[in-house]
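Topology and contacts: notes
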Amino acid sequence: MERLIRSHPVPTPAHLALTPEIDEFRRQFEQLADEAAALVSPLSDAQFAWHSSPTAWSIAQCIDHLNVTARLYLPMLDEGIANAIRQGLYGEGPFTYWWLARMFVRMLEPPPRLRMKTPAAFQPPPARTRHEIMAAFRAYQVQYVDRLRQANGLDLSRARVRSAVASWLYMPLGTGFAVTTAHERRHLWQARKVMETPEFPG
């Protein structure tokens, strides 16, 4: 992909100014990185790793779940973007999305309207340090913004991306980005709720 861009003398849409919708997603990913850092920076390592019960997630697990999700979902975004470029699915926007896609995004926004069991593949791994978790989270936000730049100029409603949870499920590329930001807001909200638990260590 990079070799193709370097050898092509004509600027592609990814080289142009970001479209309004892409730029809004960029703003959200950068804001999420800042919010996570602001949430965690005052905490001790013990507070970061504390959970109220063996089945309840800690702040560390809430954020590392988002890292696991990013690791599994970024290849899906790469596939969807590459397919859209190959098919020439370009468009200026603004884009509209079918009602089911919009409803799915709304369901993921905090506070949770529907609680779902996290699949085993998306469970946060054990024994990760605070530095590893937070460095990975910020790095994944940068990678999401990189995919936004690659998707710049594509028709976000016609281009499709595969779900990382269900391989048979495809959604509009714009919905894929919206789902990701909503999902991250959901689990940062969950992390904040951990701090509101009466037993949370001082």
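Model, not experiment: these values are computed from the prediction. (Residues numbered from 1 in each chain as written. Predicted model: local features only at pLDDT ≥ 70, side-chain atom pairs only at ≥ 80, totals over all residues. Heavy atoms only, no water.)

Description of the confidence of the model for the protein
This prediction gives the protein a mean pLDDT of 91; 93% of its residues lie at or above 70. Mean pLDDT across the elements of the protein ranges from a minimum in helix α1 (residues 2-7), with 36, to a maximum in helix α6 (residues 130-151), with 98. Contacts of residues 1-12 to residues separated by more than four positions or lying in other chains number two contacts, the stretch itself having pLDDT below 50. (pLDDT = per-residue confidence, 0-100. Helix = DSSP H or I, 4+ residues; strand = E, 2+ residues; numbered from the N terminus. Contact = heavy atoms within 4.5 Å.)

Here we look at the nonpolar core
Core analysis: the biggest nonpolar cluster contains 32 residues, and Leu77, Tyr144, Ala151, Leu156, Val161, Leu173 and Phe177 have the highest contact counts within it. Contributions of two or more residues to this core are made by α2 (20-40), α4 (59-87), α5 (99-108), α6 and α7 (173-195). Counting residues per element, this core draws most heavily on α4, at seven residues. Discounting residues that sit within four places of it in the chain, Ala151 has contacts with Ile22, Ile81, Leu156, Leu173 and Phe177. Listed in part, the 20 residues of the second largest apolar core include Leu32, Ala36, Met134 and Phe200. (Core = buried A, V, L, I, M, F, W, Y, C linked by side-chain atoms within 4.5 Å. Buried < 20%, exposed > 50% of the residue type's maximum accessible area, 1.4 Å probe, protein only.)

As for a nonpolar patch on the surface
On the surface, Trp98, Trp99 and Leu100 cluster together to form a nonpolar patch covering roughly 350 Å² of accessible area. In this structure, Leu100 sits in helix α5. (Patch = residues over 30% accessible without salt bridge, like charges linked within 9 Å, V, L, I, M, F, W, Y side chains within 5 Å. Areas by Shrake-Rupley, 256 points an atom, 1.4 Å probe, with all protein chains shown as cover. Salt bridge = Lys/Arg side-chain N within 4 Å of Asp/Glu carboxyl O.)

Observations regarding unusual backbone geometry
Apart from glycine, the bulk of residues carry a negative phi angle, and the bulk of peptide bonds sit in the trans form. The omega torsion across Gly93 and Pro94 is 0 degrees, close enough to zero to call that bond cis. Mapped onto the secondary structure, Pro94 falls in the loop between α4 and α5. Unlike most non-glycine residues, Ala127 shows phi in positive territory, near 60 degrees. Its place among the elements puts Ala127 in the loop between α5 and α6.

Describing the packing of aromatic side chains
In this structure the tally under the stated criterion is three aromatic pairs. Here the aromatic rings of Phe25 and Phe177 are separated by 5.8 Å at their centres, their planes lie at 40 degrees, and the arrangement is tilted. Note that Phe25 is positioned in helix α2 and Phe177 in helix α7, a separation of 152 residues in sequence. Each member of the pair, Phe25 as well as Phe177, carries the same accessibility label: buried. In this structure, Arg130 packs its charged tip against the face of Phe48, placed 5.7 Å from the ring centre. (Phe/Tyr/Trp six-rings, centres within 6.5 Å; stacked < 30°, edge-to-face > 60°. Lys NZ or Arg CZ within 6 Å of the ring centre and 35° of its normal.)

A few points about the packing of α2 against α6
Packed helices, taken two at a time, are described by the angle between their axes plus the distance between the axes. Following both chains from N to C, one finds α2 and α6 inclined at 175 degrees, their axes separated by 9 Å at the closest point. In terms of orientation, α2 lies roughly antiparallel with respect to α6. Every residue of α6 that contacts α2 at Ile22, Phe25, Arg26, Phe29, Glu30, Leu32, Ala33, Asp34, Ala36, Ala37 and Val40 is listed here: Arg130, Met134, Phe137, Arg138, Gln141, Tyr144, Val145, Leu148, Arg149 and Ala151. A per-class count over the contact of α2 with α6 returns 14 nonpolar, one polar and six charged. (Axes fitted to C-alpha atoms, helices over the stretch in contact; angles between N-to-C directions. Parallel < 35°, antiparallel > 145°, perpendicular 65-115°, else oblique. Nonpolar A, V, L, I, M, F, W, Y, C, P; charged D, E, K, R; others polar.)

So, α5
All of the buried residues in α5 are Ala101, Val105 and Leu108. Around the axis of α5, the buried residues are gathered within 65 degrees of arc, so they sit on the same side. Against β2 (170-172) and α7 lie the buried residues of α5. (Arc of directions from axis to C-beta.)

Some words on the pattern of salt bridges
Applying the stated criterion to the full structure yields 13 salt bridges. Here Arg138 ties to Asp34 by a salt bridge, and the two come within 3.3 Å at their closest N and O atoms. Of this pair, Arg138 sits in helix α6 while Asp34 sits in helix α2, and the two are 104 residues apart along the sequence. Take Arg138: its relative accessible area is 39%, and that puts it in the partly exposed class. Arg185 is paired through a salt bridge with Glu109; the nearest N and O atoms lie 2.7 Å apart. Of the two residues, Arg185 is situated in helix α7 and Glu109 in the loop between α5 and α6; the sequence distance between them amounts to 76 residues. Several salt bridges share partner residues, and in doing so they unite Asp23, Arg26 and Glu30 into one network.

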